[in-house]
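# Structure assessment
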Amino acid sequence: MMLRTSASRVLDDSDRDEVLALLDTNPVANVFVASRVRSVGLHPTRLGGQMWGFGPRGALTSLCYAGANLVPVNAGAEAVHAFADRARKQGRRCSSIVGPAPAVELLWERLEPYWGQARAIRWSQPVMATTQKSPVPADPLVRRVRPEEFDILLPACVAMFTEEVGISPNGGDGGALYRTRVAELIRIGRSYARIDDGRVVFKAEIGAVTPQACQIQGVWVDPALRGHGHAVAGMAAVVEAGLSCFAPVVSLYVNDFNHPARAVYRKVGFREVDTFMSVLF
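Below is a short write-up of the structure.

Definitions and cut-offs
Residues numbered from 1 in each chain as written. Predicted model: local features only at pLDDT ≥ 70, side-chain atom pairs only at ≥ 80, totals over all residues. Heavy atoms only, no water. Helix = DSSP H or I, 4+ residues; strand = E, 2+ residues; numbered from the N terminus. Rg over C-alpha atoms; globule rule 2.2 N^0.38 Å. Buried < 20%, exposed > 50% of the residue type's maximum accessible area, 1.4 Å probe, protein only. Contact = heavy atoms within 4.5 Å. Lys, Arg positive; Asp, Glu negative; His and termini not counted. Charge placed at Lys NZ, Arg CZ, Asp CG, Glu CD. Axes fitted to C-alpha atoms, helices over the stretch in contact; angles between N-to-C directions. Parallel < 35°, antiparallel > 145°, perpendicular 65-115°, else oblique. Left-handed = near helix turned anticlockwise from the far one by under 90°. Nonpolar A, V, L, I, M, F, W, Y, C, P; charged D, E, K, R; others polar.

## With respect to the overall build of the protein
Assigned secondary structure in the protein consists of nine helices and 12 strands. Since a compact globule built from 281 residues should have a radius of gyration of about 19 Å, the 19 Å found for the protein is in line with a globular shape. Based on the C-alpha atoms only, the size of the protein along its principal axes is roughly 60 × 35 × 35 Å. With 281 residues in all, the protein has 52% of them scored as buried. Counting contacts in the protein only where the partners sit at least 6 residues apart, residues at least 24 apart contribute 69% of the total. Seen as two clouds, the 31 positive and the 27 negative side-chain charges of the protein have centres 2 Å apart.

Spelled out as structure tokens, the structure:
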């Protein structure tokens, strides 16, 4: 049964400064949502969803981005109950719930009776961050992907997504939205790869950027070439690019059971700073 609680409200561009101030209290955990707000504001059409606020105008305490993902921000129990109530009434429109583990776990506890079984739950995803150039040598062949290399990069992106999430990004709309996102990251210079003779050896993207932090996503090495140091050297190169071009902190999050990836990130210089949880539909 849902608990009755104070209501959340849908925010708009008049709330932008207050929203950003709240997001900036934890720039690493909130980098994805903050990047969206800084880029497009809070109007639902531009944002690709709604931003829900908890607390009176001028004294917001919590947020929840409700778009392709449902992402609670700085949400204690009372705020989570309010966000869950709104999400339940609206019906599930997201493909995942993701964010700080305590809030996501409570949010899912409230929504599961109404939304039904999840496809997968990643209970513990360490959030890792670094502010320093990697102590290991960077791969000098990792560089920004060029627009004309889209068709070379795309199969690697699809393979990464399928391996990581468990389903292909080509379902539903045939992959149109995913292809658009891949192309956009290339266009704005946030897609990095080592491409040898038309073959993607390593790739990663800097998916979210704010003045305080940036977040690496989509890390992938050709399966036939794993175990040869490409991930460590490639990540060192992407970290260097992130620190020099985008923000003073480079972050990412990873599944707790992915021990090889966690070992790579520690070797590159990342340290665990938080824990996320994801519920995948």
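## Observations regarding the packing of helix α6 (residues 150-165) against helix α7 (residues 176-187)
Look at α6 against α7: their axes get within 10 Å of each other, and the N-to-C directions meet at 120°. Judged by the inter-axis angle, α6 sits oblique to α7. Handedness of the α6/α7 crossing: right-handed. Mapping the contact onto sequence places Phe150, Leu153, Leu154, Cys157, Val158, Met160 and Phe161 in α6 and Tyr178, Arg179, Val182, Ala183 and Ile186 in α7. A breakdown of the residues in the contact of α6 with α7 according to their chemical character gives 11 nonpolar, no polar and one charged.

## Digging into the environment of Ile167
With respect to the helices, strands and loops of the structure, Ile167 is situated in the loop between α6 and α7. With relative accessibility at 35%, the residue Ile167 sits in the partly exposed group. Each C-alpha atom of the pair Ile167 and Asn30 lies 26 Å from the other, and the pair is 137 residues apart in sequence.

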